[in-house]
Amino acid sequence: MDIKLEQAKSPPPTNPELMVKSPTYSRTKERRREETSELNHELHMRNVSEKAKLEIERGQENVDRERKRIDDELKEKSVELNYELEKGQEIHDKHIAGIMNKGKEDVDHSFKVHDEVMKQRQEQK
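Summary of the structure given here. Just so it is clear, the model here is predicted, and its values are computed rather than measured. (Residues numbered from 1 in each chain as written. Predicted model: local features only at pLDDT ≥ 70, side-chain atom pairs only at ≥ 80, totals over all residues. Heavy atoms only, no water.)

Another aspect to go through is the overall build of the protein. Scanning the protein from N- to C-terminus turns up two helices and zero strands. A total of 125 residues make up the protein; the buried ones form 0% of that total. (Helix = DSSP H or I, 4+ residues; strand = E, 2+ residues; numbered from the N terminus. Buried < 20%, exposed > 50% of the residue type's maximum accessible area, 1.4 Å probe, protein only.)

Have a look at this one:
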């Protein structure tokens, strides 16, 4: 397949034509444009850094708020846990006291029965 390119219709530029500047070209306008673009860039970078700073502060506030909420929940849970432990200890102590009283009653009863049996034996002699 043969591909043929067409010749350019306009004549090739000559070197002096390339060196001619546009009639609207001005060095002061170019300098002002460069200064303006630098100022715009600085302003943009300042805005970006301020926005990033605000986002960091907002994120830190969120972290602090969440940490406080978690701490409060842990405090509530520890208070509830301590209450349950104290309640369980009270129930345990009551249960042990009941067992001890029952044992004491049984021992007292066995001493009483023993004394009665000994009395009966002495009376039989």
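In this section: the pattern of salt bridges. Scanning the entire structure with this criterion turns up five salt bridges. Put simply, Asp64 and Arg67 hold a salt bridge, and the shortest N to O gap is 3.9 Å. Taken as a pair, Asp64 and Arg67 lie in helix H2 (residues 27-124) at a separation of three residues, close to a single helical turn. Asp64 sits in the partly exposed class, given a relative accessible area of 39%. Linked by salt bridges that have partners in common, Glu66, Arg69 and Glu73 make up one network. (Salt bridge = Lys/Arg side-chain N within 4 Å of Asp/Glu carboxyl O.)

A few words now on a nonpolar patch on the surface. Where nonpolar side chains cluster on the molecular surface, the patch consists of Ile96, Ile99 and Met100 and spans about 280 Å² of accessible area. Positionally, Ile99 belongs in helix H2. (Patch = residues over 30% accessible without salt bridge, like charges linked within 9 Å, V, L, I, M, F, W, Y side chains within 5 Å. Areas by Shrake-Rupley, 256 points an atom, 1.4 Å probe, with all protein chains shown as cover.)

A few words on a negative patch on the surface. Negative charge collects at one region of the surface, where Glu34, Glu35, Glu38 and Glu42 lie side by side. Checked against the element boundaries, Glu34 lands in helix H2. (Lys, Arg positive; Asp, Glu negative; His and termini not counted. Charge placed at Lys NZ, Arg CZ, Asp CG, Glu CD.)

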